[in-house]
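Okay, here's what each chain looks like letter by letter:
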Amino acid sequence: MIKTIFWKNNAVVLIDQNALPLAERYVTCKSYQEVISCIKDLTVRGAPAIGVAAAMGAALGALRLPSLQPEKFRHKFFTICGEIAMSRPTARNLFWALERMKKVVDRTRGANQQHLVRQLLHEAKMICSEDIEINRQMGKYGSPLFADGDHVLTHCNAGALATAGYGTALGVLRAAVGQGKKLHVYVDETRPVLQGARLTAWELKKEKIPFTLITDNMAGFLMQQGKINKIIVGADRIAANGDTANKIGTYSLSVLARAHGVPLYIAAPLSTIDVSLKTGKSIPIEERKSEEVTHFKGVRSAPAGTKVYNPAFDVTPARFITAIITEKGVLQKPFGVSIARAVKGEKRS
Ligand code: MRU
């Protein structure tokens with residue numbers, strides 16, 4: 001299995017997703033500031049992977065603190081978490097993971113600092129290993145939705161790379177293939193950062209799952225030709241009513257899917273759901289630098305001075321989503337009800 005992120009020799013090690021698919025190399029972060037840089041520049045990306053990186057980054061920050069009075073330690077640790085939280089705004093998992101880390105300190109208030117640091121590291125490692133198990137559960141619940149011979153479109157990268165391992169949307173497809181179903185995956189290249197072409201294609205090739213790469217603007221034509229009969233994507237944040245923020249371009253796909261009668265599935269862990277937001281209108285959407293659009297690998301492709309708008313995510317309204325696959329089961333409409341139940345811990349399938 002691809003190792004996306006792990007803890008080694010008091011450092012956080014990340015597969016360099018900016019180097020893929022040309023080079024398979026790892027980056028070692030020895031400080032939480034280095035983890036922040038890696039989240040910002042997409043060395044590590046994908047909502048669940050960002051959550052794990054944030055938790056490990058926080059543990060690293062705690063480890064590097066000098067010996068302090070308990071209250072001072074708590075204050076410094078919460079400041080570190082606050083800095084990490086500023087790295088990217090959309091993926092719910094980032095904030096969810098940091099909240100879990102902060103709870104460790106509050107639970108063990110006043111404890112010896114060395115013990116606390118060990119507890120924090122333990123929690124970060126748990127967030128990492130639980131993520132893989134959660135993805136496998138999503139695979140178990142989601143795979144029956146896919147049949148032998150399906151032609152499935154996916155957008156961005158929601159695979160092992162976007163998580164601690166196995167993947168969300170790609171994990172579901174991986175599970176279906178593991179059951180002997182023959183699937184063909186269409187991979188949207190995913191402008192402007194090409195997570196589809198660079199990362200999803202790399203993963204599928206490694207897994208020997210048959211796939212065809214297309215540019216994003218081809219998806220509608222393929223649906224019109226009857227070449228795609230299902231769509232599955234991941235999510236960065238899901239509001240209480242099921243509105244889903246995911247990689248820019250997902251909304252367009254959802255409209256096309258509706259027009260062509262193609263089901264659209266979202267695969268995401270419950271940690272991506274933000275019930276504090278009633279609808280997708282309140283989901284913060286990250287805007288990234290203009291060079292992602294005007295340049296490719298440092299080479300300019302638009303005239304100097306070109307004005308750019310570069311939102312990294314869009315919001316797909318719940319009404320265009322067929323079902324949401326989680327580790328607790330497949331959530332059906334009305335999502336307001338099924339999400340509330342799943343978040344409360346009631347099992348659905
Ligand atoms: O900007 P990115 O590459 O972090 O965006 C990632 C996505 O939009 C993924 O589809 C999403 O995080 C789901 S990953 C399991």
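It should be noted that the structure appears before, not after, this text.
The text that follows walks through the structure, step by step, so that each part is easy to find. Bear in mind that the values here come from a model prediction, so they are computed numbers and not experimental data.

**Concerning the overall build of the chain**
Stage number 1. The secondary structure content of the chain amounts to 11 helices and 16 strands.
Stage number 2. What you see for the chain is a C-alpha radius of gyration of 20 Å, in line with the 20 Å of a compact globule of 349 residues.
Stage number 3. Dimensions of the chain, computed from the C-alpha atoms along their principal axes, are close to 65 × 55 × 40 Å.
Stage number 4. Split into buried and exposed, the 349 residues of the chain put 57% on the buried side.
Stage number 5. Once local pairs closer than 6 in sequence are excluded, the contacts in the chain between residues at least 24 apart make up 74%.
Stage number 6. For the chain, the accessible surface area stands at approximately 14900 Å², while carbon and sulfur atoms represent 54% of it.
Stage number 7. Across the chain, the centroid of the 48 positively charged side chains sits 2 Å from that of the 29 negatively charged ones.

**Overview of empty space enclosed by the protein**
Stage number 1. Within this structure, the stated rule accounts for 4 cavities of 30 Å³ or more.
Stage number 2. If you add up the space inside the largest cavity, you get close to 200 Å³.
Stage number 3. Within the residue set of the lining of the largest cavity, elements represented by two or more residues are helix 2 (47-63) and strand 9 (244-247).
Stage number 4. For the lining of the largest cavity, the class distribution of residues is 10 nonpolar, 8 polar and 4 charged.
Stage number 5. Split by domain, the lining of the largest cavity shows at least three residues from each of two domains, domain 1 (5-136) and domain 2 (145-343).
Stage number 6. Here the second largest cavity defines a volume of roughly 90 Å³.
Stage number 7. Forming the boundary of the second largest cavity are Pro48, Gly51, Val52, Asn93, Trp96, Ala97, Ile127, Glu130, Asp131, Ile134, Pro269 and Ser271.

**Here we look at the pairing of strand 4 (residues 151-154)**
Stage number 1. In this structure, strand 4 lies alongside strand 5 (residues 184-188), joined through 4 bridges in parallel fashion. From the neighbouring strand, threonine 154 faces strand 5, where its bridge partner is valine 187.
Stage number 2. Crossover connection from strand 4 via helix 6 (residues 169-178) to parallel strand 5: handedness right-handed.
Stage number 3. Relative to strand 7 (residues 230-233), strand 4 runs parallel, the two sharing 2 bridges. Each residue of the ladder has a partner; that of leucine 153, found in strand 7, is isoleucine 231.

**A look at the pattern of salt bridges**
Stage number 1. Following the criterion strictly, the structure yields 13 salt bridges and no others.
Stage number 2. With its nearest N and O atoms 2.7 Å apart, the salt bridge here joins aspartate 274 to arginine 237. With aspartate 274 in strand 11 (residues 273-274) and arginine 237 in strand 8 (residues 237-239), this pair connects stretches of sequence that are 37 residues apart. Exposure class is identical for aspartate 274 and arginine 237. Each is buried.
Stage number 3. With its nearest N and O atoms 2.8 Å apart, the salt bridge here joins glutamate 286 to arginine 288. With respect to class, glutamate 286 is no different from arginine 288; both count as buried.
Stage number 4. Here the residues in one salt-bridge network are Arg88, Glu286, Arg288 and Glu292, joined through shared partners.

**Considering the sheet that holds strand 10 (residues 264-267)**
Stage number 1. Pairing within the open sheet is mixed, and its 7 strands lie in the order 6-5-4-7-10-15-16. Bordering the open sheet on either side are strand 6 (211-214) and strand 16 (329-331), each of which pairs with just one other strand. For this sheet, the mean angle separating the axes of adjacent strands, direction not counted, is 25°.
Stage number 2. As judged from the 3 bridges shared by strand 7 and strand 10, these two strands associate in the parallel manner. Residue pairing for strand 10: isoleucine 232 is matched across the bridge by tyrosine 265.
Stage number 3. Those strands touched by helix 7 (residues 195-207) are strand 4, strand 5 and strand 6, and its axis lies near 160° from that of strand 5.

**Description of the packing of helix 1 (residues 32-40) against helix 2**
Stage number 1. Contact pair helix 1 / helix 2: the axes reach a minimum separation of 8 Å and the direction vectors enclose 165°. Relative to helix 2, the element helix 1 is oriented roughly antiparallel. Where helix 1 crosses over helix 2, the two elements pack in a sense that is left-handed. For the pair helix 1 and helix 2, the contacting residues are Tyr32, Val35 and Ile39 in the first and Ile50, Ala53, Ala54, Gly57, Leu60 and Gly61 in the second.
Stage number 2. When its residues are assigned to classes, the contact of helix 1 with helix 2 shows 7 nonpolar, 2 polar and no charged.

Cut-offs applied
- Throughout this document, residue positions are counted from 1 along each chain, in the order its sequence is written.
- Whole-chain, interface and lining totals are the exception, using all residues; otherwise, since this is a predicted model, local features are given only for residues with pLDDT of at least 70 and side-chain atom pairs are given and counted only at 80 or more.
- Heavy atoms throughout the structure, all of them, feed into the side-chain values; hydrogens and water do not.
- Each helix is a run of DSSP H or I of at least 4 residues and each strand a run of E of at least 2, with the numbering of both proceeding from the N terminus.
- Using C-alpha atoms as the atom set, the radius of gyration is obtained and then compared with a globule rule of 2.2 Å times the number of residues to the power 0.38.
- Each residue is placed in one exposure class: buried if its accessible area under a 1.4 Å probe, protein chains only, is under 20% of its type's maximum, exposed if it is over 50%, and partly exposed if it falls in between.
- Residue contacts follow a heavy-atom distance rule, with two residues in contact if any of their heavy atoms lie within 4.5 Å.
- The method behind every accessible area is Shrake-Rupley, applied with a 1.4 Å probe, and residues are considered shielded solely by the protein chains displayed.
- Neither His nor the chain ends is counted toward charge; the positive residues are Lys and Arg and the negative residues Asp and Glu.
- Charge positions come from single atoms, namely NZ of Lys, CZ of Arg, CG of Asp or CD of Glu.
- Buriedness of a pocket was judged along seven lines, with at least five required to meet protein on both sides within 12 Å; pockets are open sets of points on a 1 Å grid over the protein atoms alone, cavities are sets where a 1.4 Å probe fits but cannot get out, and lining residues have an atom within 4 Å of a point.
- Grid points are joined across faces, edges and corners, and a volume is the space filled by probe spheres set on the points.
- Three categories are distinguished: nonpolar for Ala, Val, Leu, Ile, Met, Phe, Trp, Tyr, Cys and Pro, charged for Asp, Glu, Lys and Arg, and polar for the others, with Gly belonging to the last.
- Residue ranges labeled as domains rest on an automatic or database domain assignment.
- Strands are labelled as partners when DSSP assigns at least two bridges between them.
- Assignment of crossover handedness uses the view with strands pointing away from the viewer, where a clockwise path from the first strand over the helix to the second indicates a right-handed crossover.
- We count a salt bridge whenever a side-chain nitrogen from Lys or Arg sits within 4 Å of a carboxyl oxygen from Asp or Glu.
- Note on method: axes are straight lines fitted to C-alpha atoms, helices fitted across the in-contact stretch only, with angles between N-to-C directions ranging 0 to 180 degrees.
- The labels follow the angle: roughly parallel below 35 degrees, roughly antiparallel above 145, roughly perpendicular from 65 to 115, and oblique for the rest.
- A clockwise turn of the near helix away from the far one marks a right-handed crossing, whereas an anticlockwise turn of less than a right angle marks a left-handed crossing.

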